[in-house]
Each structure stands twice: as structure tokens, then as C-alpha cells.
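# A look at the structure
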Number of protein chains: 2
Amino acid sequence: MKPQFRVLGIDDGPFTFTDPTVPVIGVVYRKGYIDAVMKSQMTVDGDDSTHIITDMVRSAGPQKQLAAVMLDGITFGGFNVVDLPALHEATGIPVITVTRDEPDMERIRKALEKMGTAPTRGRRPVPDWKERYARLEKISLVEVSTGHKPVHIAYAGLPLADAKGIVRATTVRGALPEPLRLAHLIATALVTGKSHGNP
Amino acid sequence: MKPQFRVLGIDDGPFTFTDPTVPVIGVVYRKGYIDAVMKSQMTVDGDDSTHIITDMVRSAGPQKQLAAVMLDGITFGGFNVVDLPALHEATGIPVITVTRDEPDMERIRKALEKMGTAPTRGRRPVPDWKERYARLEKISLVEVSTGHKPVHIAYAGLPLADAKGIVRATTVRGALPEPLRLAHLIATALVTGKSHGNP
């Protein structure tokens, strides 16, 4: 891995479940430097996250030579669940998802099942909830210590040691790696007008 | 000046003269790190830039201890001309504007005069064009070498040596200091969806 490797960090902004879409920000980051910023959008509780992220990776251009795509968790805009192996296959780029807290899979299963049968106020139903849950269920999370609060990662298309190395090398302050901290700051400011400090 | 001093860089996004407003991005930057991102908007060819920037500085919070506000030029969204001394007085924070090319004042005067009398297609008139030109005219620009292409700065509320020091210390790659390069990248991505490299 080159010391100046590039990572595309992707996070969504704040939204409510009655919004049709949620803004998504991509940041091409290398040590201490932002190379590019991208904005896209995904359907809230829709199923286009894998496709949109694939487009963002492609639009980063071959010259950008990404070492990895880094996602803030595996779901965007509610239950828009990324298909990690499919994303890696479509882009040819290693994928790493990072979450601070280990997800409570039983709670997620119950919430998704409810979305499939009787969604709450104004939220759009997810008829294929079982398929989306299957995507989540097949992901194994690994705890990674970073010198800050440890994070939980999933990965596809690279060895665990490399995934850990990328997460550790890009974590500067706070628990989240810089590509995700920056994508979060920008996405939040875009929606709320202001975004400070460590998410 | 502390080595980890903070600068709020502000730039507007792309716009057309028939847009009512233009998005404006603020980035609180310290060496190699973004502390905060802010989004606001200004009226295209309006006269609210000084007021909006004052609000952005205040919303950065006293804890942020800004060494300076850095502006990409002295006009935003067309001829929304910042009143530099008034901005410094209202905020108590030093102000630095940075432009890559030395402005052609005679051309600007002609364009502003036309805006006062017979604006082009769809552009809103600027009846107080003389006052806005006066704001521009009283600014003295100083060329600053940075190890890259030199830039032209105006400043208020700090000695020239400090203004030069801040510009040089924050210029990493390309001609523009990082707080402005980043504000430009984010503002452009917000409007166009994508923004790459050195503006």
C-alpha cells in the first residue's frame, strides 16, 4: 500500500423517512488532503445504494487509483442496504464499512420485518425485506482497535490486515476514519447548514 | 500565531445570474484538518455578503478562536461586494481576501456601471453601483509569493506580515490556500455533483 493511498469515503446526510431521497457525499481523501468531493442522492428506504456508490466510484475516475471505498455502515437512508460483494465486483475496488457500535441484529431484523408488513407513519414499505436482511446477515463484523474508540468493520476484496491498515492509517481524531468524518461533516452541513467537530 | 491556528475559508458555488441565490460554503480549517463545515446562501448581485459572512463567523462559535476569515475574492454571487473594514469591525476577526489574478478595475467599473443603468439579460439591476465600486476601489491588493503561483491579497485587522504568514502556511498544493480550495471543492460539488483537484 502506497503511503499516499486514496480512499473514497461515503456517508449520507440527515433525513426524515418521508423524504423521497437523502443526499450522499463522497470524499476522495489521501493523508491530510482532500482530492475531490462528490454529491449524489439515494432513495430513502429504497434499493439503489449499491448502484449509486458504484457510479460514484466510477466517476472518481481511473486516475484516482482508489485503495478502497469506505462506507459509514452498510445501510444508507434508512434500509437502503448495500450489497458489499456486488459493490466490490462491480467496481473492482476493495470495500470497507465502518460502524462505531456493533449493530443489534435482532432489533434490525424486527424493524425490517415491520417494514415488510406494516411500516410506521409515512414510511414506505419494503416488500423485499427478507432479501435485504439476508444481505446484512451474511456480513461478519470485525472489531478494529485504532488508538481511539475501537470500530467495527466489514470488508470485501482485500485481506483483513489491509482493511485494518487503511482504517488505522486514516483515523486521526475521534473514532471515525477521516474519509468518513469528512463525508459526514459535509453531508450534515449541506442539510442543516452547520456541522462541527467529531461526529 | 499558534501553529494550529484556525482559518474560516469562504467561497460561493457556481450560479447563473438569474438564480435568486447562490450557495456559500465555509470551512473551518487548521493544519491538515477540517474542524467544521458551514453552508449559507447569498443573494445573486445582492448586498448581503458582509452580513452573511458575519453570521457565519459568529456561528463558528467563540471556542473556534479564528485567526482569520479568508475570502475567495471580495465579491460573491456576481456583484455582492463585501465591505472588508465593516466585516472586520462586526466580527473582531482579521479578514484576508485572496485572488489568483489581479482584477482589471477598469473592466469591473464598466461592468458595474452597466449593472446600474442597463443590466444584461435577466440580471437584476444594481442601483447603488457607485457605492459598491467605491468598496472595491479602496482595496489595495498585495502580491504574495507562496512557492506556487503568487496570489493577490487584501486584508483588514492584521499586519501584512501576519496576513502573508497565514496565506503561506495554509497553501499546500495549487495556488489557493487550503481553506479556500476546500470551500471551493465543496461548494462546487454541492451544485454540480462533482468537484476535482485544484480549482
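Just above sits the structure.
Here goes a summary of the coordinates provided. In this text, all values refer to a predicted model and were calculated from it rather than measured experimentally. (Residues numbered from 1 in each chain as written. Chains lettered and ligands numbered in written order. Predicted model: local features only at pLDDT ≥ 70, side-chain atom pairs only at ≥ 80, totals over all residues. Heavy atoms only, no water.)

## Here we look at the relation of the copies chain A and chain B
- Superposition record for chain A on chain B: RMSD 0.0 Å, screw rotation 180°, translation along axis 0.0 Å. The superposition of one copy onto the other is thereby described by a two-fold rotation axis. For chain A, the minimum C-alpha distance to the rotation axis belongs to Gly 32 of chain A and amounts to 2.4 Å.
- Most of the interface of chain A is mirrored in chain B, where 100% of its interface residues are also at the interface. (Least-squares fit on C-alpha atoms with pLDDT ≥ 70 in both. Contact = heavy atoms within 4.5 Å.)

## Quick look at the sheet that holds strand 10 (residues 194-196) of chain A
- The sheet built from eight strands is open, its strands ordered 10(A)-3(B)-2(B)-1(B)-4(B)-7(B)-9(B)-8(B) with mixed pairing. This sheet does not close on itself; its edge strands, each paired only once, are strand 10 of chain A together with strand 8 (142-144) of chain B. Along the sheet, successive strands turn relative to each other by an average axial angle of 25°, direction set aside.
- Both strand 1 (residues 6-12) of chain B and strand 2 (residues 21-30) of chain B contribute to a ladder of six bridges, which runs antiparallel. In the strand pairing of strand 2 of chain B, Ile 10 of chain B is matched with Gly 26 of chain B.
- Packing against the sheet, helix 6 (residues 178-192) of chain A makes contact with strand 10 of chain A together with strand 3 (33-43) of chain B, and its axis sits at approximately 25° to strand 3 of chain B. (Pairing = 2+ DSSP bridges. Helix = DSSP H or I, 4+ residues; strand = E, 2+ residues; numbered from the N terminus. Axes fitted to C-alpha atoms, helices over the stretch in contact; angles between N-to-C directions.)

## Focus on empty space enclosed by the protein
- Under the criterion given, the structure shown has one cavity of 30 Å³ or more.
- Computed from the structure, the largest cavity encloses a volume of approximately 80 Å³.
- For the largest cavity, the lining is made up of 13 residues, of which Gly 32, Tyr 33 and Ile 34 of chain A together with Gly 32 and Ile 34 of chain B are closest to its centre.
- Secondary structure elements with two or more residues in the lining of the largest cavity: strand 3 (33-43) and helix 6 of chain A together with strand 3 and helix 6 (178-192) of chain B.
- Residue contributions to the lining of the largest cavity peak at three residues, all from helix 6 of chain B. (1 Å grid on protein atoms, 1.4 Å probe; cavity = no way out; pocket = protein on both sides within 12 Å on 5 of 7 lines; lining within 4 Å. Points joined across faces, edges and corners; volume = space filled by probe spheres on them.)

## Things to note about the interface of chain A and chain B
- Taken together, the 28 residues of chain A in the interface contact 28 residues of chain B.
- Together chain A and chain B conceal approximately 2,200 Å² of surface at their shared face, both sides included; 52% is due to carbon and sulfur atoms.
- For the chain A face of the interface with chain B, the top three residues by lost area are Tyr 33, Val 37 and His 196 of chain A, together amounting to 25%.
- Linking chain A with chain B are zero salt bridges.
- Counting every contact that joins chain A to chain B gives 10 residue pairs in polar contact (both at pLDDT 80 or more).
- Elements supplying a minimum of two residues to the side of chain A that touches chain B: strand 3, helix 6 and strand 10 of chain A.
- Tallied by class, residues from the side of chain A that touches chain B come to 12 nonpolar, eight polar and eight charged. (Buried area = accessible area lost by both parts, 1.4 Å probe. Salt bridge = Lys/Arg side-chain N within 4 Å of Asp/Glu carboxyl O. Polar contact = N/O pair within 3.5 Å; in protein donor to acceptor, adjacent residues only side chain to side chain. Nonpolar A, V, L, I, M, F, W, Y, C, P; charged D, E, K, R; others polar.)

## Observations concerning the pairing of strand 3 of chain A
- Bridge count between strand 2 (residues 21-30) of chain A and strand 3 of chain A: 10 bridges; the pairing is antiparallel. Residue Thr 21 of chain A lies in a different strand from strand 3 of chain A, and its bridge partner there is Thr 43 of chain A.
- In sequence, strand 2 of chain A turns back onto strand 3 of chain A through a hairpin of two residues, with Gly 32 of chain A there showing a positive phi of about 70°.
- With three bridges joining them, strand 3 of chain A and strand 10 (residues 194-196) of chain B adopt antiparallel strand pairing. Within strand 10 of chain B, the position partnered with Val 37 of chain A by the bridge is Ser 195 of chain B.

## Here we look at the packing of helix 1 (residues 49-59) of chain B against helix 2 (residues 84-91) of chain B
All names here are of chain B.
- Interhelical geometry of helix 1 versus helix 2 gives an angle of 30° and a closest axis separation of 10 Å. In terms of orientation, helix 1 lies roughly parallel with respect to helix 2. Judged by the sense of rotation from one axis to the other, the crossing of helix 1 with helix 2 is right-handed. Where helix 1 approaches helix 2, its residues Thr 50, Ile 53, Thr 54, Val 57 and Arg 58 are matched on the opposing element by Ala 86, Leu 87, Ala 90 and Thr 91.
- Considered class by class, the residues forming the contact of helix 1 with helix 2 number five nonpolar, three polar and one charged. (Parallel < 35°, antiparallel > 145°, perpendicular 65-115°, else oblique. Left-handed = near helix turned anticlockwise from the far one by under 90°.)

## Describing the packing of aromatic side chains
- Across all of its chains, the model carries two aromatic pairs over all chains by this definition.
- Between Phe 15 of chain A and Phe 17 of chain A, the aromatic rings sit 5.3 Å apart at their centres with planes inclined by 90°, giving edge-to-face as the arrangement.
- Among the residues examined, Phe 17 of chain A registers a relative accessible area of 33% and is labelled partly exposed.
- Just above the ring of Phe 17 of chain B sits the side chain of Arg 123 of chain B; from NZ or CZ to the centre is 3.5 Å.
- The ring centre of Tyr 33 of chain A lies 4.2 Å from the NZ or CZ of Arg 173 of chain B, which sits over that ring. (Phe/Tyr/Trp six-rings, centres within 6.5 Å; stacked < 30°, edge-to-face > 60°. Buried < 20%, exposed > 50% of the residue type's maximum accessible area, 1.4 Å probe, protein only. Lys NZ or Arg CZ within 6 Å of the ring centre and 35° of its normal.)

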